[in-house]
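For reference, the chains in residue letters:
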Amino acid sequence: MKMKLEINGSQYEVDTDRNMPLLLVIRDMLDLKGTKYGCGRAACGSCTLLVDGEAVRSCSYPVSLAEGRQITTIEGLSENGQRHPVQQAWIEEIVPQCGYCQPGFMMATVALLNKIPDPTDEDIDQNILNVCRCGTYFRMRKAIHRAAELNKSNI
Amino acid sequence: MRSITISNSILISAPILVLIVLYAFTFQEMEGHPAEKPQQEEMTPEEAFEVMMQVLTHKRCINCHPDGDRPLQGEDSHFHHLGVVRGPDGHGLPAYQCNSCHQDRNNNFSGVPGAPHWHLAPKSMAWEGLSPGEIAHSMTDPERNGGRTIEEVEHHLTADPLVMWAFEPGLDQEGKPREKPPVERGDYILAVKRWVASGAVIPE
Ligand code: FES
Ligand code: FES
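Fair warning: this is a prediction, and the values are worked out from it, not measured in the lab.

S.K.: Any chance you could break down the nonpolar core for me, citing the residues and the numbers?
M.R.: Membership of the largest hydrophobic core comes to 29 residues, with the highest contact counts inside it found for Met52(B), Met53(B), Leu56(B), Met139(B), Leu157(B), Tyr188(B) and Trp195(B). Secondary structure elements with two or more residues in this core: α2 (45-56), α3 (59-62), α4 (132-140), α5 (150-159), α6 (161-164) and α7 (185-197) of chain B. For this core, the element with the most residues is α2(B), which contributes seven residues. Once residues within four sequence positions are removed from consideration, Leu157(B) is found in contact with Met52(B), Leu56(B), Met139(B), Val163(B), Met164(B), Tyr188(B) and Val192(B). Judged by nonpolar contacts, the second largest core, of 28 residues, contains Val95(A), Ile128(A), Ile144(A) and Leu150(A).

This is the structure in structure tokens:
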């Protein structure tokens, strides 16, 4: 089945099964490798991206549901060469270790800050349920607070 | 040559045989139904209540009517993995909604169940740990059922796609079919309608 997708502001057309996970379409058909495959069971969050601004685990999201919606992946965060505040904060706090889980965490953070611009530690713990095998949670928490600050100073 | 002829005849006759067998089964089933139907229609209100409650007390219903802030999941009704909570409106937390993972249909690739407006019943509609009679009191009490009339309760129980999901619960993360309630969907709907039509009396 042919479907039109809007990803990071660009239009794509794909021809695949309508139940194909969005993650596999993005990675394997459109070659956007920033979004990662972790568990394929909606459990780890490494495949998190935004659909109309909401965090979605794309390994469990049929591609046909994405038609007519705006998809944002980690590749679409920066604008005009300017780092997104979440990217900037991640660099300042030197968050990643192996890095595999990080795009998912960063996209979940963007969704969190859209909803709760100045999250408490509890907000972070409850709203970001991704998994990092390297245990970078502590640095991530600092980076999320830093991104909130950067967001405020950008306004 | 000869063996080819034999295989050809097997090839031709096998599907016909299958069709005959299938037809026989279908025909038997068709014959079975008219005999069962009047029985269902003659269900007493008490029998209808019992059939309905076999479904409403099943884990496919109770897991989303928990008595607490965490959804239940699985055949053993354990707390939802990953510390998932109900959130302010039963749809999860602002940036981690039920719909972050659950879509409007089952996902048999990932083993994540789904149906339209996937969410938890409000706390006032907690059924976990209640007896069938207590569940019936809860769902007919406008103070606890969200101000629904009995007709609206009937509609929720028999037509809401989220409730109907219980009869098509899909595959779990190991690829195994989730357990369905012990009553067929048609019989359950008939029982609910029969119970409501007979005055929604809750047996003591
Ligand atoms: S790969 Fe999607 S949640 Fe793990
Ligand atoms: S940085 Fe290695 S899994 Fe998170």
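S.K.: So, the pattern of salt bridges: which residues are in play, and what are the values?
M.R.: Any two side chains of opposite charge can pair, on the condition that their charged atoms come close. Here the structure, examined in full by the defined rule, presents 16 salt bridges over all chains. In this structure, the salt-bridge partner of Asp121(A) is Arg141(A), at a minimum N-O distance of 3.6 Å. Highlighted residues: Asp121(A) in helix α4 (residues 121-127) and Arg141(A) in helix α5 (residues 137-154), separated in sequence by 20 residues. Among the residues examined, Asp121(A) registers a relative accessible area of 37% and is labelled partly exposed. Owing to a relative accessible area of 24%, Arg141(A) belongs among the partly exposed residues under this scheme. The shortest N-O distance in the salt bridge between Arg86(B) and Asp69(B) comes to 3.4 Å. Placement of the pair is Arg86(B) in the loop between β2 (78-79) and β3 (92-93) and Asp69(B) in the loop between α3 and β1 (72-73), with a sequence separation of 17 residues. For Arg86(B), a relative accessible area of 8% gives the class buried. Of the residues examined, Asp69(B) reaches a relative accessible area of 40% and is grouped as partly exposed.

Conventions adopted
- Residues numbered from 1 in each chain as written.
- Chains lettered and ligands numbered in written order.
- Predicted model: local features only at pLDDT ≥ 70, side-chain atom pairs only at ≥ 80, totals over all residues.
- Heavy atoms only, no water.
- Core = buried A, V, L, I, M, F, W, Y, C linked by side-chain atoms within 4.5 Å.
- Buried < 20%, exposed > 50% of the residue type's maximum accessible area, 1.4 Å probe, protein only.
- Helix = DSSP H or I, 4+ residues; strand = E, 2+ residues; numbered from the N terminus.
- Contact = heavy atoms within 4.5 Å.
- Salt bridge = Lys/Arg side-chain N within 4 Å of Asp/Glu carboxyl O.

Purely spatial values, then, with no claim about function.
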